[in-house]
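# Residue-level structure breakdown
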Amino acid sequence: MTTKRLPVLFLDDVVLLPGMIVPIPLDEATKAVIDAAQTSSDGELLAAPRLDGHYGTYGVVATVEQIGRVRGGGQAAVLRTGERARIGSGVTGPGAALWVEADPVEEAEVTDTVRDLAEEYRRMVIAVLQRREAWQVIDQVSAIEDPSALADTAGWAPYLSNDRKRQLLETPATEDRLAMLVEWTRDHLAETEVTDKIGDDVRESVEKRNREFLLREQLKAIRKELGEGEPDGSDDYRTRVEEADLPDAVREAALREVDKLERSSDQNPEAGWIRTWLDTVLELPWNVRTEDSTDLVAARAVLDADHHGLDEVKERIVEYLGVRTRRARRGLEVVGGRGSGAVILLAGPPGVGKTSLGESVARTLGRKFVRVALGGVRDEAEVRGHRRTYVGALPGRIVRAIKEAGSMNPVVLLDEVDKVGADYRGDPAAALLEVLDPAQNHTFRDHYLELDLDLSDVLFIATANVLDTIPAALFDRMELISIDGYTEDDKVAIARDFLVPRQRERAALTADDVTVTDDALREIAAHYTREAGVRSMERLLAKAFRKVALKELPAVVDAGSLTDLIGRPRFLPESRERTAVPGVASGLAVTGMGGDVLYIEASLLPGDKPGMTITGQLGDVMKESAQIAASYVRAHAAELGIAPEQLDHPLHLHVPAGAVPKDGPSAGVTMTTALVSLLTGRNVRAEVGMTGEVSLTGRVLPIGGVKQKLLAAQRAGLTEVYLPQRNEPDLDDVPADVRDAVTVHLVSDVREILATALEPAQASTVAAA
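Please read all numbers here as calculations on a predicted model, not as lab measurements.

## With respect to the overall build of the chain
Across its full length, the chain holds 28 helices and 25 strands. Dimensions of the chain along its principal axes, counting C-alpha atoms only, are 150 × 85 × 55 Å. Within the chain, buried positions represent 44% of all 769 residues. When contacts within the chain are restricted to residue pairs at least 6 apart in sequence, those whose partners lie at least 24 apart make up 73%. In the chain, 91 side chains carry a positive charge and 126 a negative one; their mean positions are 3 Å apart.

Below, the structure is given as structure tokens:
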């Protein structure tokens with residue numbers, strides 16, 4: 001075909017293919033091209049695309065069918081496109097238009113492959129048109145026999161981009177054009193099928209929701225006409241949220257959830273979760289606080305009326321109340337966004353009144369009291385709550401405690417904080433770090449609520465029996481107050497003032513029916529129980545009252561009648577019996593139940609190979625203490641008066657009771673004394689007890705639990721106790737009656753103990769005989 005010289009019309013963002021009739025708006029450039037075409041070149045022009053500033057290499061030869069005005073008043077020219085042409089070099093021509101050489105593209109011979117592709121593309125185009133119900137267009141497409149003309153109908157396809165249409169324009173081969181169109185149309189049909197399916201699903205869902213809404217509204221109207229199920233306003237969450245006394249941030253979050261609830265149907269599972277969450281938020285006392293009592297004298301009187309002793313705890317509570325009262329007077333209730341709460345840890349053996357003290361403190365302050373039992377808790381969600389997405393999700397125990405208290409400044413008792421466990425569900429002790437940190441708990445965030453909860457006004461009182469199991473980071477956040485146990489006089493006073501009236505009432509007896517003498521109470525405390533607290537004593541009193549209730553009344557319970565009521569004494573002084581032979585010394589230890597006396601026995605075995613066997617289920621630290629004691633004795637044998645041949649025999653060191661695990665370094669001086677007693681044949685004095693860590697040089701190092709150990713020594717009937725010199729400040733915490741009953745010797749070297757704790761050699765020999 002011959003090359004033509006034509007004015008070229010570049011169309012922005014429009015791609016024309018052969019066989020199209022389209023209107024083109026007339027502007028100055030377009031008019032110049034049309035004028036040039038009509039003046040010469042047989043009225044033909046070359047229309048080519050200009051996409052994103054890039055000019056096409058191919059165009060279509062077009063003729064101007066008509067020029068006129070379109071709707072809106074603007075002028076336009078109607079072009080009919082013909083054959084495809086390649087744009088050549090520029091040439092000169094009349095008018096202001098750009099003239100180029102145009103090489104028309106010859107159509108290749110139609111092959112069987114082209115016919116097959118044309119039929120496949122025709123089926124796809126008809127499928128697309130059927131979805132749009134364009135039946136007339138389907139007839140026109142069906143009537144097209146030329147494969148090239150069929151391919152060029154893609155110029156009308158709205159699902160093809162301009163880039164793809166330009167690619168079709170610049171692909172002269174009919175087979176290649178049809179192959180591309182088959183692929184693109186197949187993808188479009190697949191996408192359309194998915195889109196239609198999604199649209200059908202959405203339409204069905206919307207229709208179902210509208211139908212359910214209509215039925216529910218009709219059901220409401222029917223019930224209203226019948227006078228059944230009158231609404232009580234409980235479901236009007238928007239009104240409840242707007243009327244509730246909530247902080248601004250909480251109100252904003254609650255209203256967002258109300259919006260979600262109003263947009264969802266009752267059958268949506270999320271609606272139930274939102275209602276539960278809103279109920280929880282609305283039930284929390286966000287701005288409710290109780291007024292604290294400001295009478296310090298009356299507060300101390302309440303504490304004294306509820307508990308005997310425990311002066312350190314009572315003083316701390318009165319101090320807290322006094323400081324809070326002063327802050328209130330000066331308008332400093334909140335400093336730095338934080339209230340004046342506190343975190344106190346009451347540590348001590350069972351039965352000393354730690355748990356009941358929390359309730360007494362709440363009554364003293366005039367606050368609400370809530371107890372949170374942490375013993376055995378292993379799930380971190382118990383403290384922080386569960387995520388709302390879980391079925392059956394609930395807020396944590398801290399949030400539930402605030403909800404139960406009904407105020408933001410209650411007294412919360414965290415009972416048995418030392419017995420919190422940890423497993424694959426998390427570490428509750430780590431979750432408590434934020435709760436008990438005064439620097440963080442003003443913005444405590446529960447997983448369920450996902451709202452800041454101010455705990456800085458809460459008075460947390462934690463209780464524990466032992467401190468070793470409390471993580472160091474958690475322990476550092478609490479103020480420790482030790483409750484080490486009661487003296488015999490304390491137990492008698494507690495029993496007289498609290499235990500006897502309570503158990504007498506439970507047995508349906510009155511003060512006129514039965515009287516308990518102080519001698520009987522002292523006998524129970526001394527010989528029937530050996531504990532730091534008073535729980536066993538209370539159980540024995542309950543048993544005695546049950547027996548008395550079956551006898552003739554009135555009755556008097558005195559020391560002589562205890563055997564008939566509660567049996568024979570269970571604990572009698574045994575120190576003299578246990579230390580009647582050389583090699584036995586009385587040590588002092590601290591357990592989870594309080595202080596206790598620990599007897600250490602040493603024995604010399606036959607044989608000529610030195611060595612030492614250690615039994616009694618001892619821990620590694622205690623075994624090392626035994627090795628240190630043996631090494632010290634061997635190194636100073638001559639100084640201690642031990643015969644050299646004694647050191648050639650094996651030794652056996654035993655610490656009863658064998659079924660109880662034991663550990664710690666404080667039995668070092670006791671083991672040393674027992675070994676020296678054995679190897680010198682001198683008994684340890686029966687009235688002597690001792691505690692302290694020993695070094696290889698004989699230095700006596702400080703230990704812990706001095707108060708509990710001295711209380712245990714008094715209960716066991718010991719009258720002299722050896723303590724490390726560096727533990728002298730700990731004696732300030734020991735009750736005066738215990739210091740009067742027990743003579744304390746402060747020593748810095750184990751030789752000072754060996755010099756006075758052992759009986760003279762002659763006396764020991766006579767006692768053994």
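## Observations concerning helix α12 (residues 354-365)
Here α12 is 12 residues long and its end C-alpha atoms lie 17 Å apart, about the 16 Å a rise of 1.5 Å per residue gives. Those residues of α12 that sit buried are Lys354, Leu357, Gly358, Ser360, Val361, Ala362, Thr364 and Leu365. Here the buried face of α12 lies against α10 (296-306), α11 (311-329), β8 (342-347), β9 (369-373), β10 (411-415) and β13 (459-464). After α12 finishes, the residue Gly366 shows a positive phi value of roughly 75°.

## So, the packing of helix α2 (residues 112-132) against helix α3 (residues 135-143)
Axes are the key here: two packed helices are described by the angle between their axes and the distance separating the axes. At a minimum axis distance of 9 Å, the contact between α2 and α3 shows a crossing angle of 170°. In terms of orientation, α2 lies roughly antiparallel with respect to α3. Taken together, the residues of α3 that come into contact with α2 (itself represented by Arg122, Val125, Ile126, Leu129 and Gln130) are Trp135, Val137, Ile138, Val141 and Ser142. By residue class, the composition of the contact of α2 with α3 is 7 nonpolar, 2 polar and 1 charged.

## A few points about the nonpolar core
Within the largest apolar cluster, 52 residues are counted, with the highest numbers of intra-cluster contacts made by Trp277, Leu414, Val417, Val435, Leu455 and Phe460. Looking at which element gives the most residues to this core, the answer is helix α9 (residues 269-283), with 6 residues. Ignoring any residue separated from it by four or fewer positions in sequence, one finds Leu455 in contact with Ile398, Ile402, Val435, Asn441, His442, Phe444 and Phe460. Among the nonpolar cores identified, the runner-up in size contains 49 residues, and Leu310, Val352, Val500 and Met537 belong to it.

## Thoughts on the packing of helix α8 (residues 248-263) against α9
Remark: α8 packs on α9, axes separated minimally by 10 Å, with the N-to-C direction vectors making an angle of 155°. For the element pair α8 / α9, the angle class is roughly antiparallel. Seen along the crossing, α8 lies across α9 with a hand that is left-handed. Residue-level inspection shows Val250, Ala253, Ala254, Glu257, Val258, Lys260 and Leu261 of α8 in contact with α9, the latter providing Glu270, Ala271, Ile274, Arg275, Trp277, Leu278 and Val281. Among the residues forming the contact of α8 with α9, the class breakdown is 10 nonpolar, no polar and 4 charged.

## Looking at a nonpolar patch on the surface
Together, Val194, Ile198, Val202 and Val206 line one region of the surface with nonpolar side chains, adding up to about 330 Å² of accessible area. When you line up the elements, Val194 lands in helix α6 (residues 174-226).

## Focus: the packing of aromatic side chains
Throughout the structure, instances matching the rule amount to 1 aromatic pair. For the pair Phe10 and Tyr55, a centre-to-centre distance of 4.6 Å together with 75° between the ring planes defines the contact as edge-to-face. Of this pair, Phe10 sits in strand β1 (residues 4-12) while Tyr55 is found in strand β4 (residues 54-55), placing the two residues 45 residues apart along the sequence. Owing to a relative accessible area of 47%, Tyr55 belongs among the partly exposed residues under this scheme.

## Focus: a negative patch on the surface
A cluster of acidic residues, Glu312, Glu315, Glu319, Glu728, Asp732 and Asp733, forms a negative patch on the protein surface. Relative to the assigned elements, Asp733 resides in the loop between β24 (720-724) and α26 (736-741). Relative accessible area serves as the criterion here: at 52%, Asp733 is assigned to the exposed category.

## Details of the sheet that holds β9
The strand order across the open sheet built from 5 strands is β9-β10-β13-β8-β14, with neighbouring strands paired in parallel fashion. Of all strands in the sheet, those with a lone pairing partner are β9 and β14 (479-482), marking the two edges. In this sheet, adjacent strand axes meet at a mean angle of 20° when their direction is disregarded. Sheet contacts for α12: β8, β9, β10 and β13; angle to β13, the most-contacted strand, approximately 165°.

## Examining helix α1 (residues 28-39)
End to end, α1 covers 16 Å across 12 residues, agreeing with the expected 16 Å (1.5 Å per residue, within 8%). Among the structural elements, β1, β2 (21-25), β3 (44-51), β5 (58-69), β6 (75-91) and β7 (99-104) are those in contact with the buried residues of α1.

## Points about the pattern of salt bridges
A complete count under the given rule lists 40 salt bridges for this structure. Here Asp415 ties to Arg371 by a salt bridge, and the two come within 3.1 Å at their closest N and O atoms. A residue pair is termed long-range when its members are at least 10 positions apart, and Asp415 in strand β10 and Arg371 in strand β9 qualify at 44 residues. Residue classification places Asp415 among the buried positions, given a relative accessible area of 4%. Across the pair Arg387 and Glu450 runs a salt bridge whose closest N-O atoms are separated by 2.9 Å. Highlighted residues: Arg387 in the loop between α13 (381-384) and α14 (397-405) and Glu450 in the loop between β11 (444-445) and β12 (452-453), separated in sequence by 63 residues. Among the residues examined, Glu450 registers a relative accessible area of 32% and is labelled partly exposed.

## Quick word on the pairing of β6
Across 5 bridges, the pairing between β2 and β6 is antiparallel. Its bridge partner being in β6, Pro23 is matched across the sheet by Val78. Relative to β6, β5 runs antiparallel, the two being bridged by 10 bridges. Note on β6: the bridge partner recorded for Ala62 is Thr81. Sheet topology note: the β6/β7 ladder contains 5 bridges and is antiparallel. Of the residues in β7, the one forming a bridge with Val91 is Trp99.

What counts as what
Residues numbered from 1 in each chain as written. Predicted model: local features only at pLDDT ≥ 70, side-chain atom pairs only at ≥ 80, totals over all residues. Heavy atoms only, no water. Helix = DSSP H or I, 4+ residues; strand = E, 2+ residues; numbered from the N terminus. Buried < 20%, exposed > 50% of the residue type's maximum accessible area, 1.4 Å probe, protein only. Contact = heavy atoms within 4.5 Å. Lys, Arg positive; Asp, Glu negative; His and termini not counted. Charge placed at Lys NZ, Arg CZ, Asp CG, Glu CD. Expected span 1.5 Å × (residues − 1). Axes fitted to C-alpha atoms, helices over the stretch in contact; angles between N-to-C directions. Parallel < 35°, antiparallel > 145°, perpendicular 65-115°, else oblique. Nonpolar A, V, L, I, M, F, W, Y, C, P; charged D, E, K, R; others polar. Core = buried A, V, L, I, M, F, W, Y, C linked by side-chain atoms within 4.5 Å. Left-handed = near helix turned anticlockwise from the far one by under 90°. Patch = residues over 30% accessible without salt bridge, like charges linked within 9 Å, V, L, I, M, F, W, Y side chains within 5 Å. Areas by Shrake-Rupley, 256 points an atom, 1.4 Å probe, with all protein chains shown as cover. Salt bridge = Lys/Arg side-chain N within 4 Å of Asp/Glu carboxyl O. Phe/Tyr/Trp six-rings, centres within 6.5 Å; stacked < 30°, edge-to-face > 60°. Pairing = 2+ DSSP bridges.

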